[in-house]
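# Examination of the molecular architecture
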Amino acid sequence: MATIEEIAKDTVEMNRSGASEEAGDKHWADDVVSKEPMDGPMARIQGKAAVKAKGEWWFANHEVHSVDAEGPYIHGDQFIVKFKMDVTVKESGQRLQMEEMALYTVKDGKIAEESFFFGGQG
């Protein structure tokens, strides 16, 4: 079973290299929970297939110019990754520089929960 240090470092490196979907496939638990700071149907998603579909929707609706991942910052069974993204919303054409923090909780060698916190945008 992978350690939290291995999972955290691999998650960061895979995101840095543009392999965020592959990182999820590799590290998410089957019943992973993903939480976003918003109302609506994407506020809380559960299950590996549903969380993967959320990511596919996001990439289908945003042109990603760049992504940087900083960290990981590890504490106990959790780690944080800071993401900086330069994206264009396909529908509106609005370009955004976004920052968000992701808090991951690891159980039994897999990511059991991910929670996102938004920062500066615009």
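Read on for a plain summary of the structure. In this text the structure is predicted, and so the values were computed from the model without any measurement.

### Remarks on the packing of aromatic side chains
Within this structure, the stated rule accounts for two aromatic pairs. Taking the centre distance of 5.4 Å and the plane angle of 85° together, the rings of Trp58 and Phe59 count as edge-to-face. In this structure Phe59 comes out as partly exposed when scored by relative accessible area, which is 33%. Between Phe79 and Tyr104, the aromatic rings sit 4.8 Å apart at their centres with planes inclined by 20°, giving stacked as the arrangement. Linking Phe79 in strand β4 (residues 78–89) with Tyr104 in strand β5 (residues 95–107), this pair joins segments that are 25 residues apart in sequence. Of the two residues, Phe79 and Tyr104, both sit in the buried class.

### Section: the sheet that holds strand β6 (residues 110–118)
Ordered by their spatial adjacency, six strands build an open sheet running β2-β1-β6-β5-β4-β3, and the pairing between neighbours is mixed. The sheet is open, and its two borders are formed by β2 (44–46) and β3 (62–75), each paired with just one other strand. Neighbour-to-neighbour, the strand axes of the sheet open up by a mean angle of 20°, direction not taken into account. As judged from the eight bridges shared by β5 and β6, these two strands associate in the antiparallel manner. Looking at the pairing, Tyr104 lines up with Glu114 of β6. Against the sheet, helix α1 (residues 4–16) contacts β3, β4, β5 and β6, and its axis sits at roughly 160° relative to β3. Against the sheet, helix α3 (residues 48–61) contacts β1 (28–35), β2, β3, β4, β5 and β6, and its axis sits at roughly 50° relative to β1.

### Some points on the nonpolar core
Among the nonpolar cores identified, the biggest contains 21 residues, and Phe79, Val81, Phe83, Tyr104, Val106 and Ile111 are the most heavily contacted of them. Those elements that provide at least two residues to this core are α1, β1, β4, β5 and β6. Ignoring any residue separated from it by four or fewer positions in sequence, one finds Tyr104 in contact with Thr11, Asp77, Gln78, Phe79, Val81, Phe83, Ile111, Glu113, Glu114 and Phe116.

### Thoughts on unusual backbone geometry
Going from Gly71 to Pro72, the amide bond is cis rather than trans, its omega being 10°. Assignment of secondary structure puts Pro72 in strand β3. At Asp108, a position not held by glycine, the phi torsion is positive, near 55°. Locating Asp108 in the fold gives a position in the loop between β5 and β6.

### Some words on the pattern of salt bridges
Taken as a whole, this structure holds eight salt bridges when the rule is applied. A salt bridge links Lys52 to Asp25, with the nearest nitrogen and oxygen atoms 3.6 Å apart. Of this pair, Lys52 sits in helix α3 while Asp25 is found in helix α2 (residues 20–27), placing the two residues 27 residues apart along the sequence. What makes Lys52 partly exposed here is its relative accessible area of 31%. Look at Asp25 and you get partly exposed, because its relative accessible area is 34%. Of the charged contacts in the structure, one is a salt bridge between Glu99 and Lys82, with a shortest N-O distance of 3.8 Å. Remark: Lys82 occurs in strand β4 and Glu99 occurs in strand β5; sequence separation between them is 17 residues.

Analysis parameters
Counting restarts for each chain, with residues numbered from 1 along the sequence as it is written. The predicted nature of this model means local features are confined to residues of pLDDT at least 70 and side-chain atom pairs, given and counted, to a pLDDT of 80 or more, with totals for whole chains, interfaces and linings taken over all residues. Calculation of side-chain values draws on the structure's entire complement of heavy atoms; hydrogens and water are dropped beforehand. Any two rings among Phe, Tyr and Trp, with Trp reduced to its six-membered ring, count as a pair given centres within 6.5 Å; such a pair is stacked if its planes are under 30 degrees apart, edge-to-face if over 60, and tilted if neither. In this scheme, a residue with accessible area under 20% of its type's maximum is buried, one over 50% is exposed, and one in between is partly exposed, where area comes from a 1.4 Å probe on protein chains only. Numbering of helices and strands runs from the N terminus; a helix is a DSSP stretch of H or I covering at least four residues, while a strand is a stretch of E covering at least two. Whether two strands pair comes down to DSSP finding at least two bridges between them. Think of each axis as a best-fit line through the C-alpha atoms, taken over the contacting stretch in the case of a helix, with angles from 0 to 180 degrees between the N-to-C directions. Residues count as neighbours in contact if any of their non-hydrogen atoms are within 4.5 Å of one another. Definition used in this section: a nonpolar core is a set of buried Ala, Val, Leu, Ile, Met, Phe, Trp, Tyr and Cys residues joined via side-chain atoms within 4.5 Å. By salt bridge we mean one thing: a side-chain nitrogen of Lys or Arg within 4 Å of a carboxyl oxygen of Asp or Glu.

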